[in-house]
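Chain and residue survey
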Amino acid sequence: MKIIILLFAIVLAFGATVKKSASDIKEISTRQVLNEYKHHGNLLPVVEITAERS
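Some thoughts on the pattern of salt bridges
- According to the stated counting rule, one finds two salt bridges in the structure shown.
- In this structure, Asp24 and Lys20 form a salt bridge, with 3.4 Å as the shortest nitrogen-oxygen distance. Of this pair, Asp24 and Lys20 both sit in helix 1 (residues 2-38), four residues apart, which is roughly one turn of the helix.
- Asp24 gets classed as partly exposed once you look at its relative accessible area, which sits at 30%.
- The shortest N-O distance in the salt bridge between Glu27 and Arg31 comes to 2.6 Å. Here Glu27 pairs with Arg31, and both are found in helix 1, just four residues apart, close to one helical turn.
- Looking at Glu27, the relative accessible area reads 39%, which means it is partly exposed.

Rules used throughout
Residues numbered from 1 in each chain as written. Predicted model: local features only at pLDDT ≥ 70, side-chain atom pairs only at ≥ 80, totals over all residues. Heavy atoms only, no water. Salt bridge = Lys/Arg side-chain N within 4 Å of Asp/Glu carboxyl O. Helix = DSSP H or I, 4+ residues; strand = E, 2+ residues; numbered from the N terminus. Buried < 20%, exposed > 50% of the residue type's maximum accessible area, 1.4 Å probe, protein only.

Function cannot be read off these values alone, since they describe shape.
Shown next as structure tokens:
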């Protein structure tokens, strides 16, 4: 019975570690994307008005 409880605890600890690692990787990738956009400046399209004044 003690072995089953120990194995259950190990499985739960491993699952928690994997979940934490996945959330950390997601956060790092989000930061990387945001840092990439900081270097580009304004990415909005430029609109030029070419109509003649009346």
